[in-house]
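Notes for the structure review
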Amino acid sequence: MKTVIRLATSNDCQAMYGLIEELAVFVNAKDQLNISPNQLVQDGFGEQPIFKAFVAIENETVIGTAIFYPKYSTWKGKAIYLEDLVVKESHRGRKIGSSLFESVVQYAKEFGATRMDWQVYDFNKPGLAFYKKYNAKLEEGWINGYLFPNQF
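Everything numeric in this text was worked out from a predicted model, so none of it was measured. (Residues numbered from 1 in each chain as written. Predicted model: local features only at pLDDT ≥ 70, side-chain atom pairs only at ≥ 80, totals over all residues. Heavy atoms only, no water.)

Thoughts on the packing of helix 1 (residues 13-26) against helix 2 (residues 37-45)
Two elements in contact, helix 1 and helix 2, have axes separated by 9 Å at closest approach and are oriented at 115°. On the basis of their axis angle, the class for helix 1 and helix 2 is roughly perpendicular. Here helix 1 runs over helix 2; the crossing is right-handed. Contact with helix 1, carried on its side by Cys 13, Gln 14, Met 16, Tyr 17 and Ile 20, involves Pro 37, Leu 40, Val 41 and Phe 45 of helix 2 and no other residues of that element. (Axes fitted to C-alpha atoms, helices over the stretch in contact; angles between N-to-C directions. Helix = DSSP H or I, 4+ residues; strand = E, 2+ residues; numbered from the N terminus. Parallel < 35°, antiparallel > 145°, perpendicular 65-115°, else oblique. Left-handed = near helix turned anticlockwise from the far one by under 90°. Contact = heavy atoms within 4.5 Å.)

The following block contains the structure:
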């Protein structure tokens, strides 16, 4: 079966949301999912898009996505942050994740990024093994911080 990787369009947002939901269930955080497919459309394809995405398509169906956005490192310059890399569980093990990941890497090169960042849960053994195949640096010792401005 032929898999096509392409940049996402607003028409892909419903399927992308389904993949995000699948990821949220996998990491036992579905209760923290507070967006909608409409918000994905607005945030990715509205007047001021703040993310881009690649999708993997088979038989006109989205089976995977890589969602990313530009960021800036005061130490390294332009960078890309890979927010989510998700392939439907039923389609894993066929290098679809690799194709999506490599598409983001190529985009980062063309963008002029000096670095590409992401996070992976320490309990996600398949994810850790996936990134290690690329000789990725998986740092320990960083503590992630965040807050919700509307609750401040």
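Structural notes on the pattern of salt bridges
Using the criterion set out here, one finds 6 salt bridges in the structure. Put simply, Glu 21 and Lys 30 hold a salt bridge, and the shortest N to O gap is 3.3 Å. For Asp 117, the salt bridge identified is with Lys 71, shortest N-O distance 2.8 Å. Here the residue Asp 117 occupies a position in strand 5 (residues 115-117), and Lys 71 occupies one in strand 3 (residues 61-73), the gap between them amounting to 46 residues. Residue classification places Asp 117 among the buried residues on the basis of a relative accessible area of 15%. Residue class for Lys 71 comes out partly exposed when judged on its relative accessible area of 29%. Connected through salt bridges with shared partners, the residues Lys 71, Arg 115 and Asp 117 form a single ionic network. (Salt bridge = Lys/Arg side-chain N within 4 Å of Asp/Glu carboxyl O. Buried < 20%, exposed > 50% of the residue type's maximum accessible area, 1.4 Å probe, protein only.)

Notes on the environment of Ser 73
In this fold, Ser 73 is placed in strand 3. For Ser 73, a relative accessible area of 8% gives the class buried. Remark: the alpha-carbon pair of Ser 73 and Arg 115, spanning 42 residues in sequence, is separated by 8.6 Å.

A word on the environment of Asp 12
The residue Asp 12 is located in the loop between strand 1 (4-7) and helix 1 in this model. Once the C-alpha coordinates of Asp 12 and Thr 65 are considered, the two residues, 53 residues apart in sequence, prove to be 9.6 Å apart. If sequence neighbours within four positions are ignored, Asp 12 has contacts with Arg 6, Leu 7, Val 55 and Val 62. A polar contact is formed between the side chain of Asp 12 and the backbone nitrogen of Thr 9, at a distance of 2.8 Å. (Polar contact = N/O pair within 3.5 Å; in protein donor to acceptor, adjacent residues only side chain to side chain.)

A look at the nonpolar core
Counting residues in hydrophobic clusters, the biggest one holds 19 residues, and the most contacted among them are Leu 82, Val 104 and Met 116. Contributing elements (two or more residues each) for this core: strand 2 (52-58), strand 3, strand 4 (77-87), helix 3 (96-111) and helix 4 (125-132). Here the element with the most residues in this core is helix 3; it accounts for 5 residues. Setting aside residues no more than four positions away along its own chain, Leu 82 makes contact with Ala 66, Ile 67, Phe 68, Phe 101, Val 104, Met 116, Asp 117, Trp 118 and Tyr 131. Counting 14 residues, the second largest nonpolar core, distinct from the first, contains Ile 20, Phe 51, Ile 57 and Val 62. (Core = buried A, V, L, I, M, F, W, Y, C linked by side-chain atoms within 4.5 Å.)

Some words on the sheet that holds strand 2
Two modes of strand pairing occur in sheets, parallel and antiparallel, and in both the strands are linked by backbone hydrogen bonds. Reading across the sheet, the 5 strands line up as 1-2-3-4-5 and stay open at both edges, with mixed pairing between neighbours. Since the sheet does not close on itself, it has two edges, and those belong to strand 1 and strand 5, each with one partner. Each neighbouring strand pair of the sheet contributes to a mean axis angle of 25°, computed without reference to strand direction. Packing of helix 3 onto the sheet brings it into contact with strand 1, strand 2, strand 3, strand 4 and strand 5, and relative to strand 4 it is tilted by some 165°. (Pairing = 2+ DSSP bridges.)

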